[in-house]
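Listed below, chain by chain, are the residues.
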Amino acid sequence: MKLSLNWLKNYIDLNDISVDEIVDKLSYAGLEVEEVIDQSKQFENIIVGFVKERTKHPNADKLSVCIVTDGESDFNVVCGAPNVAANQKIAFAKVGAIIPNGQFKIEKAKIRGEVSFGMICSERELGISDNHEGILVLDESLKVGTLLSDALGFNDVLIEVAITPNRADALSHIGIARDLTALFKRELILPQIKLEESKEKSDSAAVIEIIDLDRCPRYVGKVVKNVSVKESPEWLKIRLKNIGLRPINNIVDVTNFVLHEVGQPLHAFDLDKLNSKKIVVKCAANGEKFITLDSKERVLKNSDLMICDGEKAVAIAGVMGGENSEVTVDTTNILIESAFFNPSSVRKTAKHLALSTDASYRFERGADYNICVWAAQRTAQLIQETGGGEILSGEIDIYPSPIKVRMTSFRFSRVEKILGYSVPQEEIKNILLRLGFKFVGSDEKSYTLEIPSYRHDIEREIDVIEEIARIYGYNNIPEINKIPITLEEKVDQSSFGDNLRNIFTSLGFYEIVTNSLLEQEICSVFAKPIALMNPQNSEMSHLRTSLIPGMLRTIQNNLKVNEKDLRLFEIGKVFFSKSGERIESFDDFNEEEQILLAITGNVVRTSWASPDIQFNIYDLKGYIESSLSKLIKNKSLRFSIADNYKFLESQFEIMADDKQIGFGGVISTALLKKFDINQPVFVFIAHTSNIRENIVAKHGFDELLKFPKVVRDLAFVVDSNLDAGSVEAIIWKASSNLLHNIKLFDIFQSESLGIGKKSLAFQLEYFDSSKTLTEEEVDKDFRSAIKAVEKQLNAQLRGI
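Residues numbered from 1 in each chain as written. Predicted model: local features only at pLDDT ≥ 70, side-chain atom pairs only at ≥ 80, totals over all residues. Heavy atoms only, no water.

Caption draft 1: Just the nonpolar core, in detail. Membership of the largest hydrophobic core comes to 69 residues, with the highest contact counts inside it found for L14, I22, I176, L180, I334, F410 and I468. Tallying contributions element by element places helix α6 (residues 173–184) first for this core, with seven residues. In this structure, L305, V346, A359 and A376 belong to the second largest nonpolar core, which totals 45 residues. (Core = buried A, V, L, I, M, F, W, Y, C linked by side-chain atoms within 4.5 Å. Buried < 20%, exposed > 50% of the residue type's maximum accessible area, 1.4 Å probe, protein only. Helix = DSSP H or I, 4+ residues; strand = E, 2+ residues; numbered from the N terminus.)

Take a look at the structure:
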């Protein structure tokens, strides 16, 4: 947002305040100043000159030698412009001047044998416009020797302010002036509306109908007849040029002026080009085509709100008008549009049309629905001042369901509690009143505040307190010499994630961070997805239901650059819909943090010492055990075969007691094809919350074992579809604390064992860190485990 200080001074008295003070106050108040341009310094040493003589350069056909005076002295100047002539008043850059466009310094120079003591400037060289066909010829009434900045009105200070998306109210000079009145304790000066209206009424000259009230709650129209469309007066052109706008004609320039004055976008229609003198606000048809003011054809959707007349569309609501109703030099009757459009509707339309304008920029952030009539009257007043005409009385104000005034409760005592320092109560009142809040009621504990209609970012008491802190000044926060602290143990919310990252990186994994928005087709593979209300495109239309697609896309990108051997992990949130895509409340979906490990390619690449060794499912199992063993006690973990996931092959899951810690396997060939991946990818997905529940709080040092271990082997004949994890789980439950490790060391299948049978052989390791175990102690535990497996799994002991 570019501000003109001269323009700003119309709404607040800043004559005794320096530019530096204004910049500091705005920055402290959250309106960051990015650049300050002092125009008078830009045109320093550039004056109104007068060409006394012009002769042809003796050594160059296209150059002239001019005698230029500044009113006191004459200067020999070489000029290459074809339109330079004697008796012209021109922009003369004297030796030492710095040309605005290009920032080069003018020095005494010899050009083709003739000495030149300055430069006669074009509009482009001065940065006024792109015109460089010839020099800028000035008005004859200007006094020779006058500084060009004073002569042309370029004596302003321009302030570029970065406006955050929530501060739509600050996208105008009056909006910024309102903040400055609170910061400098001044009064806001609003322009006086004094209309000379005819007896004819606006609603007799035009009709307005709103069909889509959701997208357009309010539409105000005002008619001005018999206007003259012409060049704008100099003051208006200077105002617009200074903030970077190109003057067009008095009607368009007035609408742009009011937009930047008060922040309300407006549009002027040629009333005679509107069929039936009617405005209809409704949505377009799918595929409908419309030519906008920039002469480009736009293809519309049925969600695009349009301004139509009795037969055709004449503007895209809140974005841009159409060629078929634009104001031209032949226009005599004007219909002024001042409306309030739904921000999300304008945002969607501007986004899919890739068309951002000053109007859409403001509407999509939230305009002031209560300023519509005032803005229409202000526009009519300025149109009459600049182009004559007859203002019809009254406005056509279609506002069937007025937007409810927003209120919030406010407690003075809460300010100190939140900010940590005291602000005088009278100071608080003055700040809020100057910002436009109204005290409309109170009880014993709190006041009721009416929130201004232009402050869409204010909803609750905490927002009001933030406004007080912002205006009172963050630099006024008192310094505290002593801050008491307690020494109890604090919970570090980030330590768990940091610990996980350290574990995975120590195993050679690289962390990735992928987009949480995906296309519907991919999301649906893993769970019911949740659709976004306003997606940027079809590829980011739903919240991710799994971390796997992002991982596969990363692998795909790496394969394209021949990086085939990868160990990757990601920690992130996934989202599942419980019923359908429509989300009515927090009960309709789940949000869960997950961890994803993925390996693909080779563990070892061919070298003189060894051939290629590809990753396999057992490598993944090893990484899982290595990482989880640092977090969870090994005894509580159990691997088992799974078959619940369509996108995985060779599936398994890991349980801790009765809760699933995670699951994994090989990504299915069908899913890999969607990402053009032609090598196996092994993945493991863990539930962060379940790991947290089973985590070992503190890791202590285990003293080296002083007493011998006792190792026992045994083998069971079980059903061939039974996994070893099920047997291990029963052995753990049936054993005492003397059992410390179980190792599967053999799997044997043969017809001699019986049809559908297999043999699983385990090695059990017993020890006690405080003594040497006896045979009786080990035997008791060992026999207990055998009996439990035989009973619960109908297994047959094959040997011990």
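Caption draft 2: Region of interest: the sheet that holds strand β41 (residues 757–766). The strand order across the open sheet formed by four strands is β40-β41-β39-β42, and the pairing between neighbours is antiparallel. Each edge of the sheet is formed by a strand with only one pairing partner; in this case those strands are β40 (739–748) and β42 (796–799). Strand-to-strand twist of the sheet, defined as the mean angle between neighbouring strand axes without regard to direction, takes the value 35°. As paired strands, strand β39 (residues 710–719) and β41 are joined by 10 bridges and run antiparallel to one another. Directly across from V718, in β41, lies its bridge partner K758. (Pairing = 2+ DSSP bridges. Axes fitted to C-alpha atoms, helices over the stretch in contact; angles between N-to-C directions.)

Caption draft 3: The arrangement of helix α16 (residues 495–506) in detail. Taking 1.5 Å as the rise per residue, α16 with 12 residues should run 16 Å; its terminal C-alpha atoms sit 16 Å apart, in good agreement. Within α16, burial applies to F496, G497, L500, I503 and F504. In a view along the axis of α16, the buried residues occupy a sector of 125°, so they form one face of it. Along α16, exposed side chains directed more than 90 degrees from the buried face belong to N502 and S506. Its buried side turned inward, α16 meets β31 (566–577), β32 (589–600), α19 (617–628) and α21 (688–694). Among the residues trailing α16, G508 stands out with phi positive, at a value near 95°. (Expected span 1.5 Å × (residues − 1). Arc of directions from axis to C-beta. Contact = heavy atoms within 4.5 Å.)

Caption draft 4: Broad picture of the packing of helix α2 (residues 19–28) against α6. Two elements in contact, α2 and α6, have axes separated by 10 Å at closest approach and are oriented at 95°. In terms of orientation, α2 and α6 fall into the roughly perpendicular class. The segment α2 lies against α6, with E21, I22, K25 and L26 engaging I176, L180, L183 and F184. Taken together, the residues of the contact of α2 with α6 sort by class into six nonpolar, no polar and two charged. (Parallel < 35°, antiparallel > 145°, perpendicular 65-115°, else oblique. Nonpolar A, V, L, I, M, F, W, Y, C, P; charged D, E, K, R; others polar.)

Caption draft 5: Local environment of the pairing of strand β6 (residues 89–94). Taking burial as the measure, the six residues of β6 include five buried ones, the bulk of the element. Across three bridges, β6 lies against strand β9 (residues 118–120) in antiparallel orientation. Bridged to K94 within β9 is G118.

Caption draft 6: Fine view of the side chain of K222. Looking at where K222 falls in the secondary structure, it is placed in strand β13 (residues 218–225). A relative accessible area of 0% means that K222 is categorised as buried. Here E197 takes part through its side chain, which lies 2.7 Å from a polar atom of the side chain of K222. Here G394 takes part through its backbone oxygen, which lies 2.8 Å from a polar atom of the side chain of K222. (Polar contact = N/O pair within 3.5 Å; in protein donor to acceptor, adjacent residues only side chain to side chain.)

Caption draft 7: Structural context of the sheet that holds strand β20 (residues 320–321). The strand order β12-β15-β18-β19-β20 describes an open sheet built from five strands, whose pairing is mixed. Edge positions in the sheet fall to β12 (207–210) and β20, since each has one partner strand and no second. As judged from the four bridges shared by strand β15 (residues 278–283) and strand β18 (residues 305–308), these two strands associate in the antiparallel manner. Its bridge partner being in β18, V280 is matched across the sheet by C308.

Caption draft 8: Representation of the packing of aromatic side chains. Tallied over the full model, the rule gives 19 aromatic pairs. Between the aromatic rings of Y421 and Y472, the centroid separation amounts to 6.3 Å while the plane-to-plane angle is 25°, which identifies the pairing as stacked. Pair noted here: Y421 is in the loop between α13 (412–419) and α14 (425–434) and Y472 is in helix α15 (residues 461–472), with a separation of 51 residues, a long-range link. When the centroid spacing of 5.6 Å and the interplanar angle of 85° are considered together, the rings of F439 and Y447 count as edge-to-face. One aromatic cluster is present, built from ring pairs that chain together F410, F412, F439 and Y447. (Phe/Tyr/Trp six-rings, centres within 6.5 Å; stacked < 30°, edge-to-face > 60°.)

Caption draft 9: Spatial organisation of the environment of L620. Within the secondary structure layout, L620 lies in helix α19. Of the residues examined, L620 reaches a relative accessible area of 0% and is grouped as buried. Sequence spacing of L620 and V666 is 46 residues, and the spatial spacing of their C-alpha atoms is 9.9 Å.

Remember, this is a structural readout, not a statement about activity or role.
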